[in-house]
Structures are given as structure tokens and as C-alpha cells.
Amino acid sequence: MRPFPLKQLRLAWHDAGTYNKNIEEWPLRGGANGSLRFEIEIKHAANATLSSQSGFSGLVNALKLLQPIKDKYSSVTYADLFQLASATAVEEAGGPKIPIKYGRVDVSEPEQCPEEGRLPGKLTVKEEVSNSKKKQVW
């Protein structure tokens, strides 16, 4: 798998993986809401795993790759764009075509980002999924 698809897949997972079904109020419950574009969330410990060898530059570079698309199609939310990029990455890597439903809403300011600790830090993707299931946040 090329680095771009892997980073886009993880970008979508880390944006969506903050969802907590036990919190009723949006955007406090987290989830795929585009909050990962804000520096405060980029700097969460769990997001360092997206670019462990070069600080946070891998995540920032993944976001920079998507920005021209967002600029061209301004009505598409970051939340939808992150999920679309992930589904495209799976397909580009030889996986199945993943149908996408659009209409996610972006958070509008950094203060709406989920708090640190919703995702475990510096774990493999397999460990992250396992821990999320244990927390019953899905």
C-alpha cells in the first residue's frame, strides 16, 4: 500500500474513532465531524501514531493533500472528504468499492474538538479497534 492511501485511511479512522454513543449532544460525542483538521486535535497523542517517525508532519501532509479538493469543492464538508478519501484509499489498494453516504456536518471551531484520550495513543490499528470495542463506543 502506498503511503498516501494509508494516511488517508488512518485520517478517517482517527476522525471517526472519537465517537462516543454515551454522549448525546453533538459535537461533544465526537465522530466523523472534520475536527481532525484543527491543530489542537492533530496534537493529541493518539494522532502522533499517524506519523510516528516525523512528528505530526504525516498527518499534516495528509490534510494538505486534501485541501486543494476542499478548495475546489467547498460545499463538501471535511468530515465527508476524510471518509471519501478513506474509501478511495481502500479501493486504490485493491480492496472493495465502499459506498459512501454524504451529509456529515463539520465542527466549526477548535473548541468543538473531542477531548484528548478518546483514542488510545501509540497503538497499532488492530489494538485501537479492539480497545474501541471494549469501550463500547460504537
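See the structure shown above.
Here's what I pulled together on the structure shown here. (Residues numbered from 1 in each chain as written. Predicted model: local features only at pLDDT ≥ 70, side-chain atom pairs only at ≥ 80, totals over all residues. Heavy atoms only, no water.)

1. Digging into the overall build of the protein chain
Thinking step 1. In terms of regular secondary structure, the protein chain is built from 5 helices and 0 strands.
Thinking step 2. Ordered by position in the sequence, the α and β elements of the protein chain form the string α-α-α-α-α.
Thinking step 3. Of all 138 residues assigned to the protein chain, the portion counted as buried reaches 41%.
Thinking step 4. Long-range contacts, defined as pairs at least 24 residues apart, comprise 65% of the intrachain contacts of the protein chain with a sequence gap of at least 6. (Helix = DSSP H or I, 4+ residues; strand = E, 2+ residues; numbered from the N terminus. Buried < 20%, exposed > 50% of the residue type's maximum accessible area, 1.4 Å probe, protein only. Contact = heavy atoms within 4.5 Å.)

2. Brief notes about the nonpolar core
Thinking step 1. Of all hydrophobic cores here, the largest spans 10 residues; its members are L11, L36, I42, L59, L63, L66, Y78, L81, F82 and A85.
Thinking step 2. When residues of this core are traced back to their parent elements, those giving at least two are α3 (57–72) and α4 (78–92).
Thinking step 3. Top contributing element to this core by residue count: α4, with 4 residues.
Thinking step 4. Setting aside chain neighbours within four positions, we find Y78 in contact with G34, R37, Q67, K70 and D106. (Core = buried A, V, L, I, M, F, W, Y, C linked by side-chain atoms within 4.5 Å.)

3. Considering the pattern of salt bridges
Side chains bearing opposite charge may pair, as long as their charged atoms lie close to each other.
Thinking step 1. Under the criterion given, the structure shown has 4 salt bridges.
Thinking step 2. The shortest N-O distance in the salt bridge between R104 and D80 comes to 2.6 Å. Of this pair, R104 sits in the loop between α4 and α5 (125–135) while D80 sits in helix α4, and the two are 24 residues apart along the sequence.
Thinking step 3. For D80, a relative accessible area of 6% puts it in the buried group.
Thinking step 4. Two residues, K97 and E91, come together in a salt bridge whose shortest N-O distance is 3.9 Å.
Thinking step 5. Note on K97: relative accessible area 65%, which makes it exposed.
Thinking step 6. You can call E91 partly exposed: its relative accessible area is 39%. (Salt bridge = Lys/Arg side-chain N within 4 Å of Asp/Glu carboxyl O.)

4. Remarks on unusual backbone geometry
Thinking step 1. Cis geometry is found at the peptide bond from W26 to P27, where omega equals 5 degrees.
Thinking step 2. Within the element layout of this structure, P27 appears in the loop between α1 (3–16) and α2 (39–42).

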